[in-house]
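Breakdown of the fold
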Amino acid sequence: MDDDAYSSNGQPPRRERLDVSLLRATPTLLRLAAGAYVRGAQWGLATSVRVGSRMLRAAASGESPAELVQEASADMRDYARHLLGLADGADPLESEPAAEPPDHVVLRERGAELLAQSADVGYEEPAHPAFDHVLDELAPDEARILRLLHTGGPQPAVDVRESKPLGIAAQLVAEGLSMIGTQSGVRFLDRVPSYLNNLERLGLIWFSREPLGDPLRYQVLEAQPDVLAALNRAGRGKTIRRSIKLTPFGEDFCATVLPVDTAEIETLAPPEQ
C-alpha cells in the first residue's frame, strides 16, 4: 500500500501521524532543554560568585591559602556533581575507573619481561616455574611412577593386536601394558592407565614406539597375567614392543623436586596427623 494514501478508516498514514506528534512535542522538548541550561548556568554563576566572595573575605582576614584552595575545590566538586547528576559524595574525578590495558598488551609485556630476563647474565632461575603447578596436578601414586622412571630408566610396554595375514585389519586388543604399577608400588593398580595418561598430559613422560635393547625384559612382561589375557582375547594375537620413558622436562622435574633416598623422604615429609 502507498505510504501517502489514507487507510480504510479515513485516518492519515502512520508516518504522517508520527510527524504531527513530533511537531506537537517540539515546544515541550525545547522548554525542558532551556530550563536545564538555565538551571545549570544559574548554579555555576552562584558557585563562582560564592567562591570569589569567599576568597576576597579570606584574603582580607589573612586566612591560610591552603584552606582556601581546599574549600574552593570542594565547592567546584559540588558543582560538577550537580551538573553531572551524580549522587552526593560521589567524586566526579573518580566516577569512572581507570581503563586497564587490553589483555594482549599485558601478555606482550610479560613476554618482553621474559626476554629481558633471558638476556640478563645475572638472572638466576633455580627451577622451571611450571614445576610448582605440576606438583599440584600429581597424585601420590604418580610420584612413585616418576621415581621408578627416574631411578630405573625407561620401562618396557607392549601392545596386543590380532594376528592377521600381512597385518590387514588387525584390531588393537590392548595397548600400553606394562609392569610399571607393580614395580613402582602404587596403591591403586587399576588406575595406572589413568596415571600414565596424566603424566603424559603434563609433559613428564612419553610413549615411545622404540623397544628397549634388552629382550629379556619383554619376555618377563609378556608372561604377566594381563598380557596373557589380552593374547587370549585376540585369538592368534601378537605383541608389539614399545617403551615408556621420561621426557627431558620430566627428567629435570624429577631431579629437582623428587627425593630418592628413603631417609630424605622421611626427613622432608610432613608428620602424619
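Residues numbered from 1 in each chain as written. Predicted model: local features only at pLDDT ≥ 70, side-chain atom pairs only at ≥ 80, totals over all residues. Heavy atoms only, no water.

**Observations concerning the packing of helix H5 (residues 140-152) against helix H7 (residues 192-201)**
- At their nearest, the axes of H5 and H7 sit 10 Å apart, and the two run at 75 degrees to each other. Of the possible angle classes, the one that applies to H5 and H7 is roughly perpendicular. Residues Asp 141, Glu 142, Ile 145 and Leu 146 of H5 lie in contact with H7, whose contacting residues are Ser 194, Tyr 195, Leu 196, Asn 198 and Leu 199.
- Its residues placed into classes, the contact of H5 with H7 shows five nonpolar, two polar and two charged. (Axes fitted to C-alpha atoms, helices over the stretch in contact; angles between N-to-C directions. Helix = DSSP H or I, 4+ residues; strand = E, 2+ residues; numbered from the N terminus. Parallel < 35°, antiparallel > 145°, perpendicular 65-115°, else oblique. Contact = heavy atoms within 4.5 Å. Nonpolar A, V, L, I, M, F, W, Y, C, P; charged D, E, K, R; others polar.)

**Considering helix H8 (residues 215-222)**
- Along H8, the positions that sit buried rather than exposed are Tyr 218, Leu 221 and Glu 222. End-on, the buried residues of H8 take up no more than an arc of 95 degrees, which puts them together on one face.
- The elements touched by buried residues of H8 are strand S1 (155-162), strand S2 (172-178), helix H9 (225-233) and strand S4 (237-246).
- The opening residue of H8, the one whose side-chain oxygen lies 3.1 Å from the backbone nitrogen of Leu 216, is Asp 214. (Buried < 20%, exposed > 50% of the residue type's maximum accessible area, 1.4 Å probe, protein only. Arc of directions from axis to C-beta. Polar contact = N/O pair within 3.5 Å; in protein donor to acceptor, adjacent residues only side chain to side chain.)

**A closer look at the confidence of the model for the protein chain**
- A residue-level look at the protein chain finds 60% of positions with pLDDT of 70 or above and a mean pLDDT of 78.
- For the protein chain, helix H1 (residues 14-61) is the element with the lowest average pLDDT, namely 58, and H7 is the one with the highest, namely 97. (pLDDT = per-residue confidence, 0-100.)

**Focus on the nonpolar core**
- One finds Leu 138, Ile 145, Leu 146, Leu 204, Ile 205 and Phe 253 to be the most contacted residues of the largest nonpolar core, which totals 22 residues.
- The set of elements that each furnish at least two residues to this core consists of helix H4 (131-136), H5, H7, S4 and helix H10 (248-257).
- Leave out the neighbours within four places in its chain, and Leu 204 touches Val 134, Leu 138, Leu 146, Leu 199, Lys 245, Leu 246, Thr 247, Phe 249, Gly 250 and Phe 253.
- The next biggest cluster of nonpolar side chains, apart from the first, holds twelve residues, and it includes Val 160, Met 179, Tyr 218 and Ala 230. (Core = buried A, V, L, I, M, F, W, Y, C linked by side-chain atoms within 4.5 Å.)

**With respect to the sheet that holds S1**
- Read from one edge of the open sheet, four strands run S2-S1-S4-S3, paired in antiparallel fashion. Across the chains shown, the open sheet's two edge strands, defined by having one partner strand only, are S2 and strand S3 (205-208). Sheet twist, expressed as the mean angle between neighbouring strand axes with direction ignored, is 25 degrees.
- Two strands pair when backbone bridges link them, and S3 and S4 are joined in this way by four bridges, in the antiparallel orientation. Across the sheet, residue Ile 205 finds its bridge partner in S4, namely Leu 246.
- Contacts between H5 and the sheet are confined to S1, S3 and S4, with S4 contributing the most and set at about 85 degrees to the helix. (Pairing = 2+ DSSP bridges.)

**Brief notes about the pattern of salt bridges**
- Enumeration over the complete set of coordinates arrives at three salt bridges.
- The salt bridge involving Glu 137 is made with Arg 201; its shortest N-O contact spans 3.2 Å. With a gap of 64 residues between them, Glu 137 in the loop between H4 and H5 and Arg 201 in helix H7 connect regions that are remote in the sequence.
- By relative accessible area, which is 32% here, Glu 137 ends up partly exposed.
- The class for Arg 201 is exposed, based on a relative accessible area of 53%.
- The partner of Arg 242 in a salt bridge is Asp 159, and the shortest N-O contact between them spans 3.1 Å. Residue Arg 242 is found in strand S4, and its partner Asp 159 is found in strand S1; the two are separated by 83 residues along the sequence. (Salt bridge = Lys/Arg side-chain N within 4 Å of Asp/Glu carboxyl O.)

**Let's talk about H5**
- Across its 13 residues, H5 extends 18 Å between first and last C-alpha, which sits within 8% of the 18 Å expected from 1.5 Å per residue.
- Here the buried face of H5 lies against S1, helix H6 (180-184), H7, S3, S4 and H10.
- Downstream of H5 by a residue or two, Gly 153 has a phi angle that is positive, lying close to 80 degrees. (Expected span 1.5 Å × (residues − 1).)

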